[in-house]
Amino acid sequence: MSYFHLALGSYWVVVGSVLLWGFVLERRFTGYLSHHYPGKWRALLESGRGKPQLSWPKERTTVSQFIWRSREDFGDSEIDSFRSRLRWNRRLLIGFFIVGLIGFGVYAWFFD
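Everything numeric here is computed off the predicted structure, so don't read it as measured data.

Calculation criteria
- Residues numbered from 1 in each chain as written.
- Predicted model: local features only at pLDDT ≥ 70, side-chain atom pairs only at ≥ 80, totals over all residues.
- Heavy atoms only, no water.
- Helix = DSSP H or I, 4+ residues; strand = E, 2+ residues; numbered from the N terminus.
- Buried < 20%, exposed > 50% of the residue type's maximum accessible area, 1.4 Å probe, protein only.
- Contact = heavy atoms within 4.5 Å.
- Areas by Shrake-Rupley, 256 points an atom, 1.4 Å probe, with all protein chains shown as cover.
- Expected span 1.5 Å × (residues − 1).
- Polar contact = N/O pair within 3.5 Å; in protein donor to acceptor, adjacent residues only side chain to side chain.
- Salt bridge = Lys/Arg side-chain N within 4 Å of Asp/Glu carboxyl O.
- Phe/Tyr/Trp six-rings, centres within 6.5 Å; stacked < 30°, edge-to-face > 60°.
- Core = buried A, V, L, I, M, F, W, Y, C linked by side-chain atoms within 4.5 Å.

**With respect to the overall build of the protein chain**
1) Next: The number of helices and strands found in the protein chain is 4 helices and 0 strands.
2) Next: Ordered by position from N to C terminus, the α and β elements of the protein chain give α-α-α-α.
3) Next: Buried positions account for 24% of the 112 residues belonging to the protein chain.
4) Next: Restricting to contacts in the protein chain with at least 6 residues of sequence separation, those with at least 24 account for 56%.
5) Next: Counting every atom, the protein chain has about 8400 Å² of accessible surface; 64% of that belongs to carbon and sulfur.

Here is the structure:
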């Protein structure tokens, strides 16, 4: 096994764990909202019904707007905490993908 394969395997383990962390955070966040604010959460979901799910960046669904653009926290600091952790997770994931592309390019350029 070469160092390249070890680095590639380690990279995908890290990316996979960040993806899993983001999935768990999102589930916990939506569970928290649906448990503590069922009426507001239901209204948020219904207002986004009928919109295409893959319309970003042209138009985002209201749930992603609530996470990324909204400042509404219903007076609950836990919502702001969840939102901050989700934003951090997405930025970290994008950063890892950029680093992966750069690393692949460097490897292909110099070691191929």
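**Side note on helix H4 (residues 77–111)**
1) Next: Over its 35 residues, H4 runs 50 Å from end to end, which matches the ideal 51 Å to within 8%, given 1.5 Å per residue.
2) Next: Residues of H4 that are buried: Ile79, Phe82, Arg83, Leu86, Arg87, Asn89, Leu93 and Gly100.
3) Next: Two to three positions downstream of the cap, the backbone nitrogen of Glu78 sits 3.0 Å from a side-chain oxygen, assigning the N-cap of H4 to Asp76.

**Quick word on the side chain of Asn89**
1) Next: Among the secondary structure elements, Asn89 is positioned in helix H4.
2) Next: The exposure class of Asn89 is buried, given its relative accessible area of 1%.
3) Next: Setting aside anything within four residues of it in sequence, one finds Asn89 in contact with Val18, Trp21, Gly22 and Leu25.

**Focus: the pattern of salt bridges**
1) Next: Tallying each qualifying case throughout the model produces 2 salt bridges.
2) Next: The shortest N-O distance in the salt bridge between Arg90 and Glu26 comes to 3.0 Å. With a gap of 64 residues between them, Arg90 in helix H4 and Glu26 in helix H1 (residues 3–36) connect regions that are remote in the sequence.
3) Next: On the basis of relative accessible area, Arg90 is assigned to the partly exposed category, the value being 27%.
4) Next: Among the residues examined, Glu26 registers a relative accessible area of 33% and is labelled partly exposed.
5) Next: For the salt bridge of Arg85 with Glu78, the shortest nitrogen-to-oxygen distance reads 3.6 Å.

**Quick word on the packing of aromatic side chains**
1) Next: According to the stated counting rule, one finds 5 aromatic pairs in the structure shown.
2) Next: Centre to centre, the rings of Phe29 and Phe82 are 5.5 Å apart; their planes meet at 40°, and the pair counts as tilted. One end of the pair, Phe29, is in helix H1; the other, Phe82, is in helix H4, and 53 residues separate them in sequence. The two residues Phe29 and Phe82 agree in class, both being buried.
3) Next: An aromatic cluster is present here, built from Tyr11, Trp12 and Phe97 joined pairwise through their rings.

**Section: the nonpolar core**
1) Next: The biggest cluster of nonpolar side chains holds 12 residues, and these are Leu25, Phe29, Tyr32, Leu33, Tyr37, Trp41, Leu44, Phe66, Ile67, Ile79, Phe82 and Leu86.
2) Next: Elements that contribute at least two residues to this core include exactly H1, helix H2 (38–47), helix H3 (62–68) and H4.
3) Next: At 4 residues, H1 tops the list of elements feeding residues into this core.
4) Next: When neighbours within four sequence positions are excluded, Tyr32 is seen to be in contact with Tyr37, Asp76, Glu78, Ile79 and Phe82.

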